[in-house]
Amino acid sequence: MLNVEDVKKWMENFDNVIQEQRAYLSDLDTPIGDGDHGNNMARGMEAVMAAITDKDFADVPSIFKTIAMSLISKVGGASGPLYGTAFMEMAKIGNGDVKELIPAALAGIEKRGKAVPGEKTMVDVWTPASALVQKDALTVEGIDQAVESTKEMVATKGRASYVGDRSVGHIDPGAMSSGYLLKALLKAEG
Amino acid sequence: MLNVEDVKKWMENFDNVIQEQRAYLSDLDTPIGDGDHGNNMARGMEAVMAAITDKDFADVPSIFKTIAMSLISKVGGASGPLYGTAFMEMAKIGNGDVKELIPAALAGIEKRGKAVPGEKTMVDVWTPASALVQKDALTVEGIDQAVESTKEMVATKGRASYVGDRSVGHIDPGAMSSGYLLKALLKAEG
Amino acid sequence: MKKIINDPKDVVDEMVQGLVRSYPDYLKRIPETGVVYRSDLEKIKGKVGIVSGGGSGHEPTHAGFVGNGMLSAAVCGEVFTSPTPDQIFEAIKQVDSGAGVFLVIKNYSGDVMNFEMAQDMADMEDIKVKSIVVDDDIAVENSTYTQGRRGVAGTVFMHKVLGAAADQGASLDEIEELAQKILPNIKTIAVALSGATVPEVGKPGFTLADDEIEYGVGIHGEPGYRREKLQPSKALVEELVGKLNDEFKFEKGEKVAVLVNGMGATPLMEQYVFMNDVLNKLDELGLNVEFTKVGNLMTSLEMAGISLTIFRVNDDLVNNLNYATHTIGW
Amino acid sequence: MKKIINDPKDVVDEMVQGLVRSYPDYLKRIPETGVVYRSDLEKIKGKVGIVSGGGSGHEPTHAGFVGNGMLSAAVCGEVFTSPTPDQIFEAIKQVDSGAGVFLVIKNYSGDVMNFEMAQDMADMEDIKVKSIVVDDDIAVENSTYTQGRRGVAGTVFMHKVLGAAADQGASLDEIEELAQKILPNIKTIAVALSGATVPEVGKPGFTLADDEIEYGVGIHGEPGYRREKLQPSKALVEELVGKLNDEFKFEKGEKVAVLVNGMGATPLMEQYVFMNDVLNKLDELGLNVEFTKVGNLMTSLEMAGISLTIFRVNDDLVNNLNYATHTIGW
Ligand SMILES: Nc1ncnc2c1ncn2[C@@H]1O[C@H](COP(=O)(O)OP(=O)(O)O)[C@@H](O)[C@H]1O
Ligand SMILES: Nc1ncnc2c1ncn2[C@@H]1O[C@H](COP(=O)(O)OP(=O)(O)O)[C@@H](O)[C@H]1O
Ligand SMILES: [Mg+2]
Ligand SMILES: [Mg+2]
Ligand SMILES: [Mg+2]
Ligand SMILES: [Mg+2]
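Residues numbered from 1 in each chain as written. Chains lettered and ligands numbered in written order. Predicted model: local features only at pLDDT ≥ 70, side-chain atom pairs only at ≥ 80, totals over all residues. Heavy atoms only, no water.

Enquirer: Which residues make up the site of ligand 2, and what values do they have?
Expert: The full set close to ligand 2 counts 21 residues, and B:D34, B:H37, B:S79, B:D172 and B:G174 are the nearest of them. Close to ligand 2, residues of chains B and D are found. The contact in question runs from an oxygen atom of ligand 2 to an N or O atom on the side chain of B:D34, over 2.8 Å. In this structure, B:M122 approaches ligand 2 through a main-chain N or O atom, which is 3.1 Å from an oxygen atom. Protein burial of ligand 2: of its 560 Å² of free accessible surface, 97% is covered by the chains. At the level of elements, α2 (37-52), α4 (79-93) and α8 (173-189) of chain B are the ones that each hand at least two residues to the shell around ligand 2. The class makeup of the residues in the shell around ligand 2 is 6 nonpolar, 9 polar and 6 charged. (Near = heavy atom within 4 Å. Polar contact = N/O pair within 3.5 Å; in protein donor to acceptor, adjacent residues only side chain to side chain. Areas by Shrake-Rupley, 256 points an atom, 1.4 Å probe, with all protein chains shown as cover. Helix = DSSP H or I, 4+ residues; strand = E, 2+ residues; numbered from the N terminus. Nonpolar A, V, L, I, M, F, W, Y, C, P; charged D, E, K, R; others polar.)

Enquirer: Any chance you could break down the interface of chain D and chain C for me, citing the residues and the numbers?
Expert: Between chain D and chain C, the contact holds 54 residues from the first and 54 residues from the second. On the chain D side of the interface with chain C, the three residues burying the most area are D:K2, D:I4 and D:M269, jointly 20% of the side's total. Here chain D is connected to chain C by 4 salt bridges. Residue D:E14 pairs with C:K234 through a salt bridge whose shortest N-O separation is 3.9 Å. For the pair chain D and chain C, the number of links is 26 residue pairs in polar contact (both at pLDDT 80 or more). Of all the elements in the fold, those that place two or more residues in the side of chain D that touches chain C are α1 (11-22), α6 (233-248), α7 (268-284) and β11 (288-295) of chain D. (Contact = heavy atoms within 4.5 Å. Buried area = accessible area lost by both parts, 1.4 Å probe. Salt bridge = Lys/Arg side-chain N within 4 Å of Asp/Glu carboxyl O.)

Enquirer: Could you give me a rundown of the environment of C:E116, with the residues and numbers involved?
Expert: Relative to the helices and strands, C:E116 is located in helix α3 (residues 109-124). Spatially, the C-alpha atom of C:E116 lies 27 Å from that of C:W330, the residues being 214 residues apart in sequence. Leaving out residues up to four positions away in the same chain, C:E116 has contacts with A:R112 and A:K114.

Enquirer: Lay out the coordination of the magnesium ion (ligand 4) with the relevant residues and their values.
Expert: All names here are of chain B. Every protein donor of the magnesium ion (ligand 4) is listed here as D29 (OD), D34 (OD) and D36 (OD), and their distances to the metal cover 2.0 to 2.1 Å. Coordination of the magnesium ion (ligand 4) draws on donor residues from a single chain, spaced D-x4-D-x1-D in sequence. The metal-metal distance between the magnesium ion (ligand 4) and the magnesium ion (ligand 6) is 3.6 Å, with D34 serving as a donor to both. For the residue pair D29 and D34, the accessibility class agrees, reading buried in each case. (Donors = N, O, S within 2.8 Å, 3.2 Å for Na, K, Ca; no water. Buried < 20%, exposed > 50% of the residue type's maximum accessible area, 1.4 Å probe, protein only.)

Enquirer: Give a detailed account of the interface of chain A and chain C, specifying residues and quantitative values.
Expert: Note: interface size is frequently given as the accessible area lost on complex formation between the parts. The interface is formed by 32 residues belonging to chain A together with 33 residues belonging to chain C. A buried area of about 2,500 Å², summed over both sides, lies between chain A and chain C, and 51% of it is on carbon and sulfur atoms. Ranking the residues of chain A by area buried against chain C places A:R112, A:R159 and A:Y162 at the top, with a combined share of 27%. At the boundary of chain A with chain C, the tally comes to 8 salt bridges. Here chain A is connected to chain C by 11 residue pairs in polar contact (both at pLDDT 80 or more). Residue assignment for the side of chain A that touches chain C shows that the elements contributing at least two residues are α2 (22-32), α3 (37-52), α4 (60-74), α5 (79-93) and α6 (98-113) of chain A. Considering each element in turn, the side of chain A that touches chain C owes the most residues, 4 residues, to α3(A). In terms of residue class, the side of chain A that touches chain C is made up of 7 nonpolar, 12 polar and 13 charged.

Enquirer: Summarise the relation of the copies chain D and chain C; cite the residues concerned and give the values.
Expert: Once turned by 180° and shifted 0.0 Å along the axis, chain D lies on chain C with an RMSD of 0.0 Å. A rotation of that kind, with that shift, is consistent with a two-fold axis. Minimal C-alpha separation from the rotation axis in chain D is found for D:A265, amounting to 1.9 Å. The share of interface residues of chain D whose copies in chain C are also at the interface is 100%, consistent with both copies meeting through the same surface. (Least-squares fit on C-alpha atoms with pLDDT ≥ 70 in both.)

Enquirer: Which residues make up the coordination of the magnesium ion (ligand 5), and what values do they have?
Expert: Those donors, A:D34 (OD), A:D36 (OD) and C:F80 (O), are the protein atoms that reach the magnesium ion (ligand 5), and they lie 2.1 to 2.7 Å from it. Taken as an interatomic distance, the gap from the magnesium ion (ligand 5) to the magnesium ion (ligand 3) is 3.5 Å; A:D34 donates to each of them. One end of the pair, A:D34, is in the loop between α2 and α3; the other, C:F80, is in the loop between β4 (73-79) and α2 (85-95), on a second chain. Across the pair, C:F80 and A:D34 agree in class, each one buried.

Enquirer: Summarise the sheet that holds strand β4 (residues 73-79) of chain D; cite the residues concerned and give the values.
Expert: Residues and elements named next belong to chain D. Within the open sheet, the 6 strands sit side by side as β1-β2-β4-β3-β5-β6. Their pairing is mixed. Every other strand in the sheet has two partners, leaving β1 (27-29) and β6 (129-134) as the edge strands with one partner each. Taken pair by pair, the neighbouring strands of this sheet meet at an average axis angle of 25°, ignoring direction. Relative to β4, strand β3 (residues 49-56) runs parallel, the two being bridged by 5 bridges. (Pairing = 2+ DSSP bridges. Axes fitted to C-alpha atoms, helices over the stretch in contact; angles between N-to-C directions.)

Enquirer: Can you break down the site of ligand 1 residue by residue, with the values?
Expert: Near ligand 1 there are 21 residues, and of these A:H37, A:N40, A:S79, A:D172 and A:G174 occur at the shortest range. The residues that come close to ligand 1 belong to more than one chain, namely chains A and C. A distance of 2.9 Å separates an oxygen atom of ligand 1 from a polar atom in the backbone of A:A78. Against a free-state accessible area of 570 Å², the protein chains account for coverage of 96% of ligand 1. The leading source of residues in the shell around ligand 1 is helix α9 (residues 173-189) of chain A, at 3 residues.

Enquirer: Before we move on, can you summarise the packing of helix α6 (residues 123-134) of chain B against α8(B) with the specific residues and values?
Expert: Residues and elements named next belong to chain B. Interhelical geometry of α6 versus α8 gives an angle of 30° and a closest axis separation of 8 Å. Only A175, S178, G179, L181 and L182 of α8 make contact with α6, whose side of the interface consists of V125, W126 and A129. In terms of residue class, the contact of α6 with α8 is made up of 6 nonpolar, 2 polar and no charged.

Enquirer: I'd love a proper account of the sheet that holds strand β3 (residues 49-56) of chain C, names of residues and values included.
Expert: All names here are of chain C. Strand order in the open sheet formed by 6 strands is β1-β2-β4-β3-β5-β6, with mixed pairing between adjacent strands. In this open sheet, the two edge strands, each paired with only one partner strand, are β1 (27-29) and β6 (129-134). Pairs of neighbouring strands in the sheet enclose a mean axial angle of 25°, with direction left out of account. By the bridge criterion, 3 bridges tie β1 to strand β2 (residues 35-38) in an arrangement that is antiparallel. In the strand pairing of β2, L27 is matched with R38. Sitting on the sheet, α2 is in contact with β2, β3, β4, β5 (101-106) and β6, with an inclination near 165° to β4.

Here it is, written out as structure tokens:
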């Protein structure tokens, strides 16, 4: 059961990795996208941190809503609406139970992006994560494996779909950042 | 005393060198100009050859006039009006006496370009050439020396003036092509 | 990276600022946003507003097409990054005067999702909004299982035709119908001679050898369908018109409009030479070219290259293309 | 050399052909020449014709400024090479309708001599011709012993002001007087990020290191006054506005028009960022900026870089700058 402090820690952890891996995420986005995923996420997380640090929140839904709005209004591109919708759907759950939160986030991403598993997007991380979390089996290894699995897929959604077969051999940047987000959650849960 | 055939031979000789040295003339024009002198002269001489080859001319002035018009209408840039005016003024002499022709050409170039000796232009070749020809002393060596003398001058006319002191150390391209023209004349005279 | 900028982070903000300060008679900015709208907005009272936008780096698209007879507002995102829904929503609110707002969206997942979210926001405030997703780039295979084709330079024709219709009083439904009608008749294909560098990225999205070109690239450095040695203009035209004709399957006597678009670093000289070859080829195909436009309209930062758009038209559409326009970019 | 062309020898001919075929409503060509004139020449019957021209490679200059309120005809020479007197003379004859013709010449020995010869030809046929030699580039020391300063982007302001005056019926003498009056009040300075390649030459006129810029270059790759490491836009503005102010010695409250001109390969994005910094700097100097223009107007093939023109104006001149114009390039 996450509380407001846990969510703050989660975001802090995530922000740290994003700022650290900013160039790497953009590099992942270069051969199969437009090279901006690291910048997009860094810009968004800066806004998130500005909006939540030293601020009081009544409950988990209200901090999720603030995070969602920051991402929606600062990231742009494909990842902005996807992550924004994910947090917006998590806010709607009304509590901090990750067994409900992760499936809600996944549903939001699916609704917004209309991708299904196997299309080499962040959905390929959220789908197994959502299954694992039900069995209390979400681990760093499980997440890494899901991220890694995108490497051999052919992209059919997002910018990476334009390179077609040539997308094979490259990890999807949004899958990587989603992996970071889920690992940041594990770390926040302790 | 040049006749029409001599003038044709003169132009043939000149055209040969120009086509051969086209790239070199443009190279001379690159550090201190705009790199087109070889192209300009090659384009002009192609037109001259097309206009005089296998054509009959009543006298020396009429072939000079045709040469002048070809150069004026095909070369453009600075060298077009200068060479064009030189041949136009030679046409006005009314005969083929080089002792009158060369000073007339020089006068035309001076009138058109308003340069005086020492400004690192073709005038620095035509001026000594005009003096030498009076003494029947125009030689390849004399011409080469005049061309070479432009190397140490600071340009104050034409595009080369924009590089100022940095023009020192480079031979003036128009001086070089004028040298070719005068040497082509010597060769035509036998 | 060799660019005339200050901090790469500020480039869009400073660009929009420079733009509206240079053309106060044409453009106003909603403070603290990337939204730019017509200074003379009162002139479209009661008419449908046309809004477009997308990532920056394609200038004069989109802000340069804001003005009488084209767009009512444009939303400038970060470089090559879709603008956010809240900003798009601001633009919608700014230009709606009751008749509704029509959105022209280029087909990229980011743009589609952000504009969709903005449309949801407008729905909640009872502003009538409709939209079209432009997908004119034939370099990409079209398939219902993928993202589909990208929106590129042909989008400018969409702006022009819809802007003219809106100015002449067309209703939101009529504009939607018109947009859907012309969409399949606008097709584009590009060739790149060099890549482009996003300021915040600092290195080019792709690189080509000194004698290499790439057919079919997108406007954000998306890879194309083939690399080969540099060809003369006439050979490029054979390839590009050939590809377009494979799609259109033109018959003699059909009417078309043609846009030759410079990608950013390609001089107008080359664009005119290329257009000359295009017109020769279209003559050969027996087409009637009714409208022609050449210039840097949908650029990709400092990419060198060209795109060719053909638009199958009728006389009404030609009138729309020739409709009087007051913008800085058309 | 990576260019979209066919045979380098044909590049100007094919460019002019592509241009007039793209814009038949604006432009006509005198067959077999580089002369392009207004399609609607009958509209200037009885008015002074304005003719400009020079080497090609500066597009949209000069042909792009042919049309109502600017030039009556333009003469396109070979790339970076003055056109020939016979072609200039053809242009003069084409646009003269009795009121005479005014020539706008950029100060290069070639241009000056060829236009002068054309003027002599016109004199012999009793066509009244007057002219101005534009020398706005302050990078070059001005001295009566040298060629003097080059004519660069400020020439476009000359076209605009004189074109507006001619359209309003000014006489040849009045236009000459106006030209001489504004000439000393138009000044330009440039900075290059890369060189340009003349098609027939095949290699760049100069090269700069990846992190190097050159202040004061001309529009044909003429060298400038200093090379240094790439600077942020704000620092470029300090240098260039500083140089211009050294010449103008502005006092607070003076009125100016400003042109930020892209040299060919520099995206509009950078030009707007630069303009934003220019306007900040001019505000600091207390100047009143009455007119602003940004874009690729006087290019140098695919050179990357920018030039900044400041024009000291009064209200009448601002009216001329805002005068309605119908050209493809303004
Ligand atoms: N339709 C979609 N559904 C799910 N994820 C998507 C979709 N489109 C893109 N993505 C994700 O977004 C990531 C790219 O994000 P980003 O680079 O920030 O945006 P953009 O593609 O607009 O530049 C991809 O790696 C992918 O994981
Ligand atoms: N005012 C002048 N008087 C005499 N010669 C000149 C003058 N200006 C230029 N020249 C000559 O012209 C040459 C350059 O010719 P060219 O390169 O064909 O023309 P452009 O300078 O227009 O490119 C110079 O090398 C110089 O000899
Ligand atoms: Mg991306
Ligand atoms: Mg030269
Ligand atoms: Mg992006
Ligand atoms: Mg030249």
